[in-house]
Amino acid sequence: QVQLVESGGGLVQAGGSLKLSCAASGRSFSTYAMGWYRQAPGKQRELVATINSGGSTRYGDSAKGRFTISRDNTKNTVYLQMSSLKPEDTTVYYCALSTRSWYMISEYDYWGQGTQVTVSS
């Protein structure tokens, strides 16, 4: 069984920065793909960023140029460094883990509880 625990969310001013963390339990973390997704009320869950076992990254359009995903396999942790935050970034951010592909949201097997990010104008 895998458990994911997000942390680091909070309230920041527009233009500010925030770093989210997601700690994973279980073995073989280094072989998994990890992702960050977000979902606003009434909207479909969307990709923020993903990172595969080799360290390659992919970003959703809203995150490109502003957010950076990284991982530390010695700590079983994935990070999302967010900069130049905008009010429209306000929502719940979810950490996810895939034991298979890293391309599609349907491939992610485990999800965290989510952490709230609020950006004030």
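As the structure is a computational prediction, the values presented were derived from the model and not from experiment.

Caption draft 1: Broad picture of the state of the cysteines. Applying the stated criterion to the full structure yields one disulfide. Through a disulfide, Cys-22 is tied to Cys-95; the S-S separation comes to 2.0 Å. Torsion about the S-S bond of the Cys-22 and Cys-95 cystine: about -80 degrees, corresponding to left-handed handedness. On the criterion of sequence distance, the pair formed by Cys-22 in strand S3 (residues 18-24) and Cys-95 in strand S9 (residues 91-98) is long-range, its members being 73 residues apart.

Caption draft 2: Structural view of the side chain of Asp-89. Tracing the chain through its elements places Asp-89 in the loop between strand S8 (77-82) and S9. Only 2.9 Å separates the side chain of Asp-89 from the side chain of Arg-38, close enough to count as a polar contact. With residues up to four places along the chain from it excluded, the contact list for Asp-89 reads Arg-38, Arg-66, Phe-67, Ser-84, Val-117 and Val-119.

Caption draft 3: Region of the structure containing the pattern of salt bridges. Under the criterion given, the structure shown has six salt bridges. Notably, a salt bridge pairs Arg-38 with Asp-89, separated by 2.9 Å at the nearest N-O pair. One end of the pair, Arg-38, is in strand S4 (residues 33-39); the other, Asp-89, is in the loop between S8 and S9, with 51 residues separating them in the sequence. On the basis of relative accessibility, which here comes to 7%, the residue Arg-38 falls in the buried class. According to the relative accessible area criterion, Asp-89 is buried, its value standing at 1%. Across the salt bridge formed by Asp-109 and Arg-100, the nearest N and O atoms sit 2.8 Å from each other. Among the residues examined, Asp-109 registers a relative accessible area of 30% and is labelled partly exposed.

Caption draft 4: The arrangement of the nonpolar core in detail. Counting residues in hydrophobic clusters, the biggest one holds 26 residues, and the most contacted among them are Met-34, Trp-36, Leu-80, Met-82 and Tyr-93. In this structure, Ala-33, Tyr-37, Ala-96 and Trp-102 belong to the second largest nonpolar core, which totals five residues.

What counts and what doesn't
Residues numbered from 1 in each chain as written. Predicted model: local features only at pLDDT ≥ 70, side-chain atom pairs only at ≥ 80, totals over all residues. Heavy atoms only, no water. Disulfide = S-S within 2.5 Å. Helix = DSSP H or I, 4+ residues; strand = E, 2+ residues; numbered from the N terminus. Polar contact = N/O pair within 3.5 Å; in protein donor to acceptor, adjacent residues only side chain to side chain. Contact = heavy atoms within 4.5 Å. Salt bridge = Lys/Arg side-chain N within 4 Å of Asp/Glu carboxyl O. Buried < 20%, exposed > 50% of the residue type's maximum accessible area, 1.4 Å probe, protein only. Core = buried A, V, L, I, M, F, W, Y, C linked by side-chain atoms within 4.5 Å.

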